[in-house]
Amino acid sequence: MFRSGSLKLHRWVLAAAALLAVCQPAFAEKRVALVLGNSAYRNVPQLANPVNDSAKIAATLKEAGFDVVDSRRDLPAAETRRALRDFADRARDADIAVVYYAGHGIEVDGSNYLIPVDAKLERDTDVYDEALSLDRVLIAIEPAKKLRLVILDACRDNPFAKTMKRTVASRAIGQGLAKVEPSSPNVLIAYSAKAGFTAADGDGQNSPFTAALSRHIATPGLDVRRAFGFVRDEVLKTTGNRQEPFVYGSLGGDDVPLVPAPAKPAPAAAAPAPAPALSAQAEARRDYELALQLGNKNALDAFLKQYPDGFYASLAKLQLDKIAAEEIRIAATEKARLAEQERARLVAEGAQRSEQSKAEADVRATEQARIAAEKAKQIAQDQAAAAEQKRLAVDAPASAKEAVKEKAVNLAALPPASAPADITKSVQAELRRVGCLTGAADGDWNAASQRSLTLFNRYAGTRLDAKVASVDTLDAIKLKPSRVCPLVCEHGFRADGDRCSKITCAQGSVLNDDNECEKRRGNKPVAKRDTDDRPERPVRERPRPEVSAPRPQASGRASGQVVCDQAGCRSVTAGCRLEYKTFAQGGPYPSGGNVEVCR
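Keep in mind it's a predicted model, so treat the numbers as computed, not measured.

1. Observations concerning the overall build of the protein
Working step 1: A tally of regular secondary structure across the protein gives 16 helices and 18 strands.
Working step 2: Going through the 599 residues of the protein one by one, you find that 41% of them count as buried.
Working step 3: A separation threshold of at least 6 residues defines the contact pool for the protein, and within that pool the share at least 24 residues apart is 64%.
Working step 4: Summing over all exposed atoms, the protein offers an accessible surface of approximately 34400 Å²; the carbon and sulfur share of this is 52%.

2. Quick look at the sheet that holds strand β1 (residues 31-37)
Where strands meet in a sheet, backbone hydrogen bonds hold them as pairs that are either parallel or antiparallel.
Working step 1: In space, the six strands of this open sheet follow the order β2-β1-β3-β7-β9-β10, with mixed pairing throughout. Two strands in the sheet have a free side with no partner beyond their single neighbour: β2 (68-73) and β10 (246-250). The mean inter-strand angle of the sheet, taken between neighbouring strand axes irrespective of direction, is 10°.
Working step 2: Where helix α3 (residues 50-63) meets the sheet, it contacts β1, β2, β3 (96-102) and β7 (147-153), and its direction lies at approximately 165° from that of β1.
Working step 3: Packed on one face of the sheet, helix α9 (residues 224-238) meets β7, β9 (187-191) and β10 and runs near 15° to β7.

3. As for the confidence of the model for the protein
Any region with low pLDDT has predicted coordinates that should not be read closely.
Working step 1: Confidence along the protein averages 77 in pLDDT terms, with 78% of residues attaining 70 or more.
Working step 2: A low-confidence stretch, residues 1-27 stays under pLDDT 50, and its non-local contacts, those more than four residues away or across chains, total five contacts.

4. Looking at the state of the cysteines
Working step 1: For the structure on display, the rule yields two disulfides.
Working step 2: Disulfide pairing is shown between Cys 436 and Cys 485; the S-S distance is 1.9 Å. Here Cys 436 and Cys 485 share a disulfide; its torsion about the S-S bond, 90°, makes the bridge right-handed. Of the two residues, Cys 436 is situated in the loop between α14 (421-433) and α15 (447-460) and Cys 485 in the loop between α16 (471-478) and β11 (493-496); the sequence distance between them amounts to 49 residues.
Working step 3: Classification of Cys 436 by relative accessible area gives buried; the value is 8%.
Working step 4: Here Cys 505 connects covalently by a disulfide to Cys 517, the sulfurs 2.0 Å from one another. Because the sign of the S-S torsion sets the handedness, a value of about -80° for the bond joining Cys 505 and Cys 517 places this disulfide among the left-handed ones. Of the two residues, Cys 505 sits in the loop between β12 (499-502) and β13 (509-511) while Cys 517 sits in strand β14 (residues 517-519), which places them twelve residues apart along the sequence.
Working step 5: Under the relative-accessibility criterion, Cys 505 is labelled partly exposed at 22%.
Working step 6: Take Cys 517: its relative accessible area is 38%, and that puts it in the partly exposed class.

5. Topic: the pairing of β1
Working step 1: Along β1, seven of the seven residues are buried, which leaves the element largely enclosed by surrounding structure.
Working step 2: Side chains Arg 31, Ala 33, Val 35 and Gly 37 of β1 all project onto a buried face; the interleaved residues Val 32, Leu 34 and Leu 36 project onto the opposite face, where all are buried too.
Working step 3: Bridging between β1 and β3 involves seven bridges; their strand directions are parallel. By the bridge assignment, Arg 31 is partnered in β3 with Ile 96.
Working step 4: Pairing of β1 with β2 involves six bridges; the strand directions are parallel. Within β2, the position partnered with Leu 34 by the bridge is Asp 70.

6. Quick notes on the packing of aromatic side chains
Working step 1: Summed over all chains, the structure comprises five aromatic pairs.
Working step 2: Geometrically, the ring pair formed by Phe 311 and Tyr 312 is edge-to-face, given 5.2 Å between the ring centres and 75° between the ring planes.
Working step 3: Of the residues examined, Phe 311 reaches a relative accessible area of 27% and is grouped as partly exposed.
Working step 4: Through a chain of ring-to-ring contacts, the aromatic side chains of Tyr 191, Phe 246 and Tyr 248 assemble into a single cluster.

Quick notes on the rules
- Throughout, residues of each chain are indexed from 1 in the direction in which the sequence is written.
- Side-chain atom pairs in this predicted model are given and counted only at pLDDT of 80 or more, local residue features only at pLDDT of at least 70, and totals for whole chains, interfaces and linings cover all residues.
- As a rule here, side-chain values cover all heavy atoms of the structure and leave hydrogens and water aside.
- Runs of H or I in DSSP of at least four residues are treated as helices and runs of E of at least two as strands, each being numbered from the N terminus.
- Each residue is assigned to one of three classes by its accessible area relative to the maximum for its type, calculated with a 1.4 Å probe on protein chains only: buried under 20%, partly exposed between the two thresholds, exposed over 50%.
- We call two residues contacting when some pair of their heavy atoms lies within 4.5 Å.
- Residue-level accessible areas treat just the shown protein chains as cover; the underlying method is Shrake-Rupley with a 1.4 Å probe.
- Strand pairing is assigned whenever DSSP identifies at least 2 bridges connecting the two strands.
- All axes are obtained by fitting lines to C-alpha atoms, using only the stretch in contact for helices, and the reported angles, taken between N-to-C directions, cover 0 to 180 degrees.
- Every residue carries a pLDDT, the predictor's confidence in it, which falls somewhere between 0 and 100.
- Criterion for a disulfide: a pair of cysteine sulfur atoms within 2.5 Å.
- Classification of ring pairs uses Phe, Tyr and Trp, with its six-membered ring standing for Trp, and accepts pairs whose centres are within 6.5 Å; under 30 degrees between planes counts as stacked, over 60 as edge-to-face, and the remaining range as tilted.

Now the structure itself:
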């Protein structure tokens, strides 16, 4: 009797231990999060929603059972650095580390920065002192073992970039955030809008991105990559396809949920019927769509390793060709920029003619390589787009059959029926930067915007379609590091940087025809007799010599027009004019430019 009871107790203890062993790993992972929200900016207009967004995400992560959720708001630069340092200590023994940031962000020379509330950013170099780089955030989460996640709702239209002075004309200040490729494993960086685009702050309590994120990110058992896929779909639908969230980085093949699914012991009576397995074609399609959503070489290489042959393998190879073409284009553009800088340096330093000739040859060679890379990129994009359209046509019937089982995720590119407002605003902003547009970047591609693009084509030597604002147009304008269209001021105004300022003369001076102040000339008094008693003399008419009208000659003074190039702005000499010439005709740049011609 005693032995039988001991045996039953022993079995019960073993069953309980087995149950604990099954359930324990789901809750053993340590998860920590740092949530930052900046709304009360001191030197630019305040943002409405970042503080609300950070409070929403902090509450979501706390409800999801995170061990530490450190929520901060409206931090200046020093306190933000201290918060990141403290969070790095908490992440040392964590499995999952998450940093969420809502507020202003900026991209300078391809690097991304988060802007604290006390930043002024009067010059482009101030970002290194007053802002925090994205690399600093990645260092804070680096100790985490399983997942390092950074979420940035910071792609808003940035007011700092509009007023910031550039210490170097070639330093690029982009719109939105720049694309990133994490070098460490198990790192994901999620943007509220795709690189180079801006995100909406939202008309409600939260931004569209944060509202969707709070509904999907903490779903128990849902892989974090699929969660961001659902967020993307919801934001696209909410914003009318104007805003597309994007995720950079890659993870392994196992699911990585932020909130583990609760373990359920199998019923003792009978095991449930297994779910119907997906077909091999459906699995390949699902994995291809996931790799396409991540959009980087690592994800596509991993897909090809698992599916080396077949229809979706061919699509993945075309996507890799497109990525490789883009990398070649970026490298060629950088080489062309460096070659032009070297040529300008040699000219400025008065180097020997042989060195200048070699530099000019290098400029021409790199420019030809850049143009070839642009064409190769366009061909690769067209091939990938055509293949994607074919995939959609093939997948449409299969997706309709599986609609009852699982919601299909459409990862195709947006239809190019009409240019999104964000692209139009970006093109207008770039046209303003190169001096071809004087109006506001309001997203309305009107007649003034079309005239400005036509003017850009004239001075840059391009043939862009002025009727529409496209991504290709935006890329072409971004390649120009400085002003393209000359700054021409009316009489009474002079060039002051990138604008015309009214000329004010001192008291007693007037503005002459040459746009210069000169001393006012007074009428000299003429002495007259009160009475004249002398007899009148007969007046003899003398023949008047013929006097020809004087021919206008260059006085060496300014004509009222101003021309700008890499050396700065200067007045056009009276009697001279501006004439556009290509590089082969003697223009100052590989793409051509204005030359002062005097005859």
